[in-house]
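# Structural features, examined
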Amino acid sequence: MAPRFHDLTVSAIERQTPDAVAIAFDVPDALRDAFHFKPGQYLTLATSLDGQDVRRSYSICSAPGEPQLKVGVKKVADGRFSRFVNETLSVGDTIRVMPPEGRFTSLFGPRHDYLLIASGSGITPMLSIAKTVLEHEPDSTVALVYGNRSTETIMFREELEDLKDRHLRRFSLVHLLSREKQDVDLLNGRIDGERVKELAERGLIDPRGSDGVFLCGPGEMIDDVAAMLKAYGVEEDRIRFERFTPTGEAPRPRAPSAQARKAVTDGVAVEVVLDGTRREFAMDETAGTVLDAAHKAGIELPYSCAGGMCCTCRCRVVEGETEMAVNFSLEAWEIEAGFTLACQSRPLSRKLVLDFDAA
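Residues numbered from 1 in each chain as written. Predicted model: local features only at pLDDT ≥ 70, side-chain atom pairs only at ≥ 80, totals over all residues. Heavy atoms only, no water.

The chain goes by Phenylacetate-CoA oxygenase/reductase subunit PaaK in an unreviewed UniProt entry, where it is assigned to Nitratireductor arenosus.

## Remarks on the overall build of the chain
Looking only at helices and strands, the chain has eight helices and 18 strands in total. The C-alpha radius of gyration computed for the chain amounts to 21 Å, which stays within 12% of the reference 21 Å derived for 359 residues, consistent with globular compactness. Taken over the C-alpha atoms alone, the chain extends approximately 65 × 50 × 40 Å along its principal axes. In the chain, which comprises 359 residues, the share counted as buried stands at 53%. Within the chain, contacts between residues at least 6 apart in sequence are counted, and of these 68% link residues at least 24 apart. On the chain, roughly 16800 Å² of surface is accessible, and the fraction owed to carbon and sulfur atoms is 47%. (Helix = DSSP H or I, 4+ residues; strand = E, 2+ residues; numbered from the N terminus. Rg over C-alpha atoms; globule rule 2.2 N^0.38 Å. Buried < 20%, exposed > 50% of the residue type's maximum accessible area, 1.4 Å probe, protein only. Contact = heavy atoms within 4.5 Å. Areas by Shrake-Rupley, 256 points an atom, 1.4 Å probe, with all protein chains shown as cover.)

## Here we look at the packing of aromatic side chains
Tallied over the entire structure, the rule returns four aromatic pairs. Between Tyr 58 and Phe 81, the ring centres sit 6.0 Å apart and the planes meet at 40°, which makes this aromatic pair tilted. Of this pair, Tyr 58 sits in strand β4 (residues 52-59) while Phe 81 sits in helix α1 (residues 80-87), placing them 23 residues apart in sequence. Here Tyr 58 falls in the buried class, since its relative accessible area comes to 11%. On the basis of relative accessible area, Phe 81 is assigned to the buried category, the value being 0%. Ring centres of Phe 81 and Phe 84 lie 6.0 Å apart, and the angle between their planes is 75°; this geometry places the pair in the edge-to-face category. One end of the pair is Phe 81 and the other is Phe 84, both in helix α1 and three residues apart, which spans about a single turn. Each member of the pair Phe 81 and Phe 84 is classed as buried. When the ring centre of Tyr 232 is taken as reference, the NZ or CZ atom of Arg 208 above it lies at 3.7 Å. (Phe/Tyr/Trp six-rings, centres within 6.5 Å; stacked < 30°, edge-to-face > 60°. Lys NZ or Arg CZ within 6 Å of the ring centre and 35° of its normal.)

## Concerning α1
Of all the residues in α1, the buried ones are Phe 81, Ser 82, Phe 84, Val 85 and Asn 86. Residues of α1 that are buried sit in contact with β1 (6-17), β2 (20-26), β3 (42-49), β4, β5 (69-74) and β6 (94-101).

## Concerning the sheet that holds β4
The six strands are arranged β4-β3-β6-β1-β2-β5 in an open sheet whose pairing can be described as antiparallel. Two strands bound the open sheet, and with one partner strand each, they are β4 and β5. Strand-to-strand, the axes of this sheet are offset by a mean angle of 40°, without reference to chain direction. Sheet topology places β3 next to β4; eight bridges connect them, and they run antiparallel. Residue Leu 45 lies in a different strand from β4, and its bridge partner there is Arg 56. (Pairing = 2+ DSSP bridges. Axes fitted to C-alpha atoms, helices over the stretch in contact; angles between N-to-C directions.)

## Focus: the confidence of the model for the chain
When pLDDT is averaged across the chain, the result is 93; 96% of the residues are at 70 or more. Across residues 246-250, where pLDDT falls below 50, the model places six contacts with residues more than four positions away in sequence or in other chains. (pLDDT = per-residue confidence, 0-100.)

## Structural notes on the domain arrangement of the chain
Parsing the chain into structural domains produces domain 1 (6-100), domain 2 (113-243) and domain 3 (258-355). Carbon and sulfur atoms make up 35% of the surface buried where domain 1 meets domain 3, a total of about 490 Å² over both sides. Looking only at domain 1, the three residues that lose the most surface to domain 3 are Tyr 42, Arg 55 and Met 98, adding up to 77% of its buried area. Our count for the domain 1 to domain 3 interface comes out at one salt bridge. The salt bridge involving Glu 300 is made with Arg 55; its shortest N-O contact spans 3.0 Å. (Domains from an automatic or database assignment. Buried area = accessible area lost by both parts, 1.4 Å probe. Salt bridge = Lys/Arg side-chain N within 4 Å of Asp/Glu carboxyl O.)

## As for the nonpolar core
One finds Phe 281, Met 283, Leu 301, Leu 354 and Phe 356 to be the most contacted residues of the largest nonpolar core, which totals 30 residues. When residues of this core are traced back to their parent elements, those giving at least two are α6 (258-266), β12 (268-274), β13 (277-283), α7 (290-296), β14 (314-319), β16 (339-341) and β18 (351-355). If you look at the next biggest cluster of nonpolar residues, it comprises 27 residues, including Cys 61, Leu 116, Met 126 and Leu 144. (Core = buried A, V, L, I, M, F, W, Y, C linked by side-chain atoms within 4.5 Å.)

## Some details on the pairing of β18
For β18, a buried count of four out of five residues is recorded, marking the element as mostly surrounded by other parts of the structure. Two strands pair when backbone bridges link them, and β14 and β18 are joined in this way by three bridges, in the antiparallel orientation. Bridging across to β18, Glu 319 finds its partner in Val 353.

## Section: unusual backbone geometry
You will see that Phe 156, though not glycine, has its phi angle at about 60°, which is positive. The residue Phe 156 is located in the loop between β8 (141-148) and α3 (157-166) in this model.

Structural data, given as structure tokens:
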């Protein structure tokens, strides 16, 4: 069944930095099962701003079993939703929240060595993963490399230091600061592939010996570090990543192919299967993607980021063909199995049938 929004009450707002907060939600007993989550997953929040429905995805920073369900939200330039959360949202307010989603999760097992590399608000899923592993995998280790501009911009600083104090032998923490000088030159600057490689060569982290390397932050950081890790000998299937765009803007899409332009010019009949119900609508050149066309027809399809990163709009192509403008979430096997992202899909055929209920 496709995810649906539920109204949740804000139970607490904790200021983390001058530009970031952690928001806790009151989850009613009737929704406990729906909001059960794995460490590393995210919530999609939605509200109406200036008469427009606005939604954004934020990673869960609490660990399963903790009393509060929390997400971290950092205010970004031109970020309407993040400004609303940081400046306007109050305890007691109600906001629409979609149940947890995402596949950026811990490995689960008796023993693993984790390497977590995060920048800025990319710490939120890492905190959930680290807390869960340290609590429930007594023989596992966690190494976290965390990049920020300065000490005052470090989200969850006290909680991270507390984790380090409680798990001295199993949790190592390396702070990199780009605008505040530290005593060790290696720790000054942004996270990139060369810096991560030097951290490894100095013995501060062990990428080759890690069972899983998790990356979360801006796309350029992820691309650079992931490329270095592969060249350094880390198998690709051990590298996992969660992207976000600091400006709140989706990556620039590829231009439609000639076949896609012809299809929408001729007109496309689209049929979607959602929660066991079939809906039909037409798509022409006025809509950029299937998701755009559905909204134009008044049909609500599941989506969150609309930028090809979160996978909320994942569906299977049952009939017809599509191309995607961008894709940062579907894996190769999913594409081969016929899955696509509605927010990025352009029809290549005159008829298109998409199944959102497909597993």
